[in-house]
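Structural features, examined
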Amino acid sequence: MQHAEAIALLDWYVAAGVDVALGEDPADRFAETAREAQERQARARSGAETPPGPAAEVPEPSRTGDDAEERPARLPAGDARGTPPRRFEPPPERPRFEPPPQPVARATMGAAVPGDAAVGAARDAARNAATLGDLRAALESFDGCNLRTTAKRLVFADGDPGARVMLVGEAPGREEDDLGLPFVGRSGRLLDRMLATIGLERGAVYIANVVPWRPPGNRTPTPQETEICKPFIARQIELVDPDVLVFLGGAAAAALAGTTEGITRLRGRWIEYDTGRRNIRALATLHPAYLLRQPIQKRLAFRDLLALKRALGENERT
Ligand code: URA
């Protein structure tokens with residue numbers, strides 16, 4: 001293999017979410033699974049008991065980035081003609097993927113708590129940022145979150161830092177990572193059109209994400225990664241100090257409002273976001289990437305946009 005081909009292959013692995021090498025030799029898991037299935041069938045034919053495999057259970061993709069749509073949907077669960085659902089055969093036991101270790105801190109009781117040091121460092125760095133410029137610089141040099149090692153760029157923000165509306169998404173996708181700007185892919189283009197329906201241009205709002213680096217392969221950020229990034233987005237909100245906050249999707253709402261309610265129940269309701277200095281009115285709505293998959297739900301998102309428009313009008317009068 002030529003050098004350039006090897007680099008292209010490695011780039012492709014990284015884009016697909018491979019961030020750790022488990023072995024020197026490639027393993028054909030499909031062949032292994034097929035061989036095992038054949039062995040099971042052979043055992044069944046010779047009368048031996050075969051334990052049933054678990055039914056297909058592949059969770060709906062929860063990640064709301066644009067690439068989420070590229071992920072495989074659920075396995076077929078049978079069809080209208082009554083064909084029984086295909087069974088999912090688990091691959092043989094193999095080492096579980098563990099995210100690369102975070103810095104480890106000693107808690108007061110002496111137990112090691114992974115990531116605590118990184119969360120503490122993030123809090124300090126965010127607290128010390130007096131301006132958005134400082135905050136961006138602090139994030140650029142922050143090495144407590146493993147996501148920065150696989151992302152191409154920091155995706156800090158876009159729009160007007162003096163805007164009355166600040167929108168917060170979950171984490172950047174591929175196009176955002178390429179350009180270093182939030183919501184510039186398919187869901188970003190839908191977001192632009194949604195804002196336009198209430199007379200807001202993209203340049204008139206401020207847009208950021210809870211997690212400012214693209215998770216490899218567009219996977220969902222781990223709870224630990226979200227915790228590490230939270231002090232930064234909290235400080236970003238405090239510094240922008242908008243009249244109204246909009247959480248795009250359940251993940252952003254859960255991370256920032258600490259709510260455990262699902263987005264379908266939470267959306268459209270005004271809540272208070274406490275910056276520590278003051279409360280900001282906040283509204284959670286459906287994520288544009290979800291709306292791309294479920295266009296029928298755009299009517300709910302439109303209701304939320306109208307509520308946002310009304311709130312901005314009310315606020316103007318006070
Ligand atoms: N989805 C997000 O949550 N944020 C982006 O910036 C893009 C897609």
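Residues numbered from 1 in each chain as written. Predicted model: local features only at pLDDT ≥ 70, side-chain atom pairs only at ≥ 80, totals over all residues. Heavy atoms only, no water.

With that out of the way, let us pick up the overall build of the protein. On a plain count of helices and strands, the protein comes out with twelve helices and eight strands. Buried residues in the protein amount to 37% of all 318 residues. Taking contacts inside the protein between residues at least 6 apart in sequence as the whole, the part at least 24 apart equals 73%. Carbon and sulfur atoms form 54% of the exposed surface of the protein, whose accessible area is close to 18,200 Å². (Helix = DSSP H or I, 4+ residues; strand = E, 2+ residues; numbered from the N terminus. Buried < 20%, exposed > 50% of the residue type's maximum accessible area, 1.4 Å probe, protein only. Contact = heavy atoms within 4.5 Å. Areas by Shrake-Rupley, 256 points an atom, 1.4 Å probe, with all protein chains shown as cover.)

In this section: the confidence of the model for the protein. Predicted coordinates in regions of low pLDDT should not be interpreted in detail. Taken over all residues, the pLDDT of the protein has a mean of 83, while the share at 70 or more is 75%. Low pLDDT (under 50) marks residues 49-61, which in the prediction has 15 contacts with non-local residues, meaning those over four places away or in another chain. Here residues 94-113 is modelled with pLDDT under 50, and outside its nearest four sequence neighbours on either side it reaches 31 contacts, counting other chains as well. (pLDDT = per-residue confidence, 0-100.)

The next subject is the pattern of salt bridges. Counting across every chain of the model gives 14 salt bridges. Linking Arg202 and Asp158 is a salt bridge whose minimum nitrogen-to-oxygen distance equals 3.0 Å. Taken together, the residues span a long stretch of sequence, with Arg202 in the loop between α7 (186-197) and β5 (206-209) and Asp158 in strand β3 (residues 158-159) at a distance of 44 residues. Using a relative accessible area of 18% as the deciding quantity, one classes Arg202 as buried. (Salt bridge = Lys/Arg side-chain N within 4 Å of Asp/Glu carboxyl O.)

On to the packing of helix α3 (residues 116-127) against helix α8 (residues 223-240). The interhelical angle for the contact between α3 and α8, taken along N-to-C directions, is 10 degrees, at an axis separation of 8 Å. When the axes of α3 and α8 are compared, the pair comes out roughly parallel. Here Ala118, Val119, Ala122, Arg123, Ala125, Ala126 and Arg127 of α3 come into contact with α8, specifically with Glu227, Ile228, Pro231, Phe232 and Arg235. Taken together, the residues that form the contact of α3 with α8 break down as eight nonpolar, no polar and four charged. (Axes fitted to C-alpha atoms, helices over the stretch in contact; angles between N-to-C directions. Parallel < 35°, antiparallel > 145°, perpendicular 65-115°, else oblique. Nonpolar A, V, L, I, M, F, W, Y, C, P; charged D, E, K, R; others polar.)

With that settled, the discussion passes to the pairing of strand β7 (residues 270-274). Side chains of β7 alternate between two faces, with Ile271 and Tyr273 buried and Trp270, Glu272 and Asp274 left unburied. As paired elements, β7 and strand β8 (residues 279-285) share five bridges and run antiparallel to each other. The residue of β8 that forms the bridge with Trp270 is Leu283. Counted between consecutive antiparallel strands, the loop separating β7 from β8 contains four residues, among which Gly276 sits at a positive phi close to 100 degrees. (Pairing = 2+ DSSP bridges.)

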